[in-house]
Amino acid sequence: MHRYDEAMETLGQAVLGYARQRLRLDPVPLDGPRTAEELMGSVGQTITEDGLGAAVLDLFTEKLAPACISIDHPRYLSFIPCAPTEAATLFDLVVGASSVYGGSWLEGAGAVFAENQALRWLADLAGFGPRAGGVFVPGGTVGNLSALVAARYAARAGGRLTAGARGVVATTEHSHSSIVSACELMDTELLPVAPDANGRLTGAALREAVETAGPDVAGRLFAVVATAGTTNLGIVDDLASVAPVCRELGVWMHVDGAYGGAGLAAPSVRPRFDGIEQADSFVVDPHKWLFAPFDCCALVYADPEVARAAHTQKAGYLDVLTEGSDFNPSDYAVGLTRRARGLPFWFSLATHGTRAYTEALERTLTVARYAAAEVVRRDYLDLVREPDLSVVAFRRRGWTPAQYQAWSDNLLAANFAFVVPTVHEGETVARFAIVNPRTTEADISNILDTMA
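Report follows, based on the coordinates. Predicted model only: the values in this text are computed from it and were never measured.

Scanning the entire structure with this criterion turns up 1 cavity of 30 Å³ or more. Around the largest cavity, the lining residues are Leu-122, Leu-125, Gly-261, Ala-262, Leu-264, Ala-265, Phe-282, Val-284 and Leu-290. Looking at the lining of the largest cavity, the elements with two or more residues in it are α5 (105-126) and β6 (281-284). Among the residues forming the lining of the largest cavity, the class breakdown is 8 nonpolar, 1 polar and no charged.

In structure tokens form, the structure reads like this:
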């Protein structure tokens, strides 16, 4: 089984041929899901005693792949899409073929060195100092959890939070669902902070929430989570006013920029992130708006030594790694085993240069502003709010939730677009998440025309 013989050479050529063909497609097919019953009928049982041989690739390309929605389609505008560059996608193949372990410097020094350069670029965008560093983790959920674990460790080590005390994390209702999940996993209390009229967390509201909660809660508060681009509406919190209140309270400031943090590289929106340079940690997912393939979240600490103390796992067989001074990525987040998931992002960034990234980001922002203007121009649509970044939410006047869903279903069934509705303040609305530089103004206009 573990040999590269003539049969495997043939299969390898076929796999590479499929990859090349898929990368050449412009546009890619949108495709769509099938039921489990339909797939069993067309694909059948694939796990057998003797194996299916090279026929498995045909099953994937002809039956299974078309049952998946292509997230890099220019009219995939739901959730937060993924639009990796060809360079990043190609290098993902290299990472898999290279069998590199990305958890320690000893085993993956070259890979870790390259990943760290990409992390340094992100840290510089945020205005973090020379000590900053971190690790690439699977996604924002793991990144946010890891940052909060480090924050709690720092509070306990500094005497702010006594051992056994149930800690408190403050944030608004607009923060990502992963913050609630992280608090549940950590058995941590969540202190809700009322957002302002623009849906943002502000320093004044944070201070008021802490004072209202009383000394018991204030004494157990160890972290504040601000958001730089909420998933639903793309709202950027008032980081500049939150940061000094965090310093005043003596608590860790974490910024969840999983989607929106990429905007740090776009001059037209960079001022919205002022204040992030005072944070203790932040995350940004290159697989969202920085053109990397799944799965890739950059977790960056202003002082990574705190995270190292919080996350380093102890075991006799690990002493050769943990007792040295090498930079081991697995010491900075939840999880020990890790692939070098930051390499495709690094490779694309190094290949194209940072200017190309800025231009691609600004292109998506231009299309988003066009979308907002088109919504305002049409008398049957209303803009929910002026977009901060590249998420545009809008309503079709007079439509019920069922009509939004039927419209969305019809777009996908026609293989034209994938735009699912969302809910904002109890109201069903439509939403574009524009992170693909191949999405055009014509795409936007043509989709909006279907709502007339």
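There is more to say, and it comes next.
In this section: helix α10 (residues 239-249). When we look at burial in α10, the residues that qualify are Leu-239, Val-242, Ala-243, Val-245, Cys-246 and Leu-249. Here the buried face of α10 lies against α8 (203-213), β4 (221-227) and β5 (252-256). One or two residues past the end of α10 sits Gly-250, with phi positive at roughly 75 degrees.

Before going further, it helps to spend a moment on the sheet that holds β6. Reading across the sheet, the 7 strands line up as β1-β7-β6-β5-β4-β2-β3 and stay open at both edges, with mixed pairing between neighbours. At either margin of the open sheet sits one strand with a lone partner, and together these are β1 (133-137) and β3 (189-192). The average angle at which neighbouring strand axes cross in this sheet is 20 degrees, direction not considered. Two strands pair when backbone bridges link them, and strand β2 (residues 168-171) and β4 are joined in this way by 3 bridges, in the parallel orientation. Bridging across to β4, Val-169 finds its partner in Ala-223. Sitting on the sheet, α8 is in contact with β2, β3 and β4, with an inclination near 120 degrees to β3. Strands β4 and β5 of the sheet are contacted by α10, whose axis makes an angle of about 155 degrees with β5.

With that settled, the discussion passes to the packing of aromatic side chains. The tally for this structure, following the rule as stated, stands at 18 aromatic pairs. When the centroid spacing of 6.3 Å and the interplanar angle of 75 degrees are considered together, the rings of Trp-121 and Tyr-357 count as edge-to-face. Taken as a pair, Trp-121 in helix α5 and Tyr-357 in helix α15 (residues 354-377) lie far apart in primary sequence, 236 residues in all. Tyr-357 matches Trp-121 in its accessibility class, with the two residues each being buried. Taken together, a centroid distance of 4.6 Å and an interplanar angle of 15 degrees make the contact between Phe-327 and Tyr-332 stacked. Relative accessible area serves as the criterion here: at 1%, Tyr-332 is assigned to the buried category. Among the aromatic residues, ring-to-ring pairing joins Trp-121, Phe-136, Phe-291, Phe-345 and Tyr-357 into one connected group.

Between two cysteines, a covalent bond joining their sulfur atoms is known as a disulfide. If you walk through the whole model with that rule in mind, you get 0 disulfides. We note that Cys-68 lacks a disulfide partner, and the nearest cysteine sulfur, in Cys-82, lies 14 Å from it. Looking at Cys-68, the relative accessible area reads 43%, which means it is partly exposed. Free of any disulfide, Cys-82 has its nearest neighbouring cysteine sulfur in Cys-296, separated by 9.6 Å. For Cys-82, a relative accessible area of 4% puts it in the buried group.

Scoring rules and cut-offs
Residues numbered from 1 in each chain as written. Predicted model: local features only at pLDDT ≥ 70, side-chain atom pairs only at ≥ 80, totals over all residues. Heavy atoms only, no water. 1 Å grid on protein atoms, 1.4 Å probe; cavity = no way out; pocket = protein on both sides within 12 Å on 5 of 7 lines; lining within 4 Å. Points joined across faces, edges and corners; volume = space filled by probe spheres on them. Helix = DSSP H or I, 4+ residues; strand = E, 2+ residues; numbered from the N terminus. Nonpolar A, V, L, I, M, F, W, Y, C, P; charged D, E, K, R; others polar. Buried < 20%, exposed > 50% of the residue type's maximum accessible area, 1.4 Å probe, protein only. Contact = heavy atoms within 4.5 Å. Pairing = 2+ DSSP bridges. Axes fitted to C-alpha atoms, helices over the stretch in contact; angles between N-to-C directions. Phe/Tyr/Trp six-rings, centres within 6.5 Å; stacked < 30°, edge-to-face > 60°. Disulfide = S-S within 2.5 Å.

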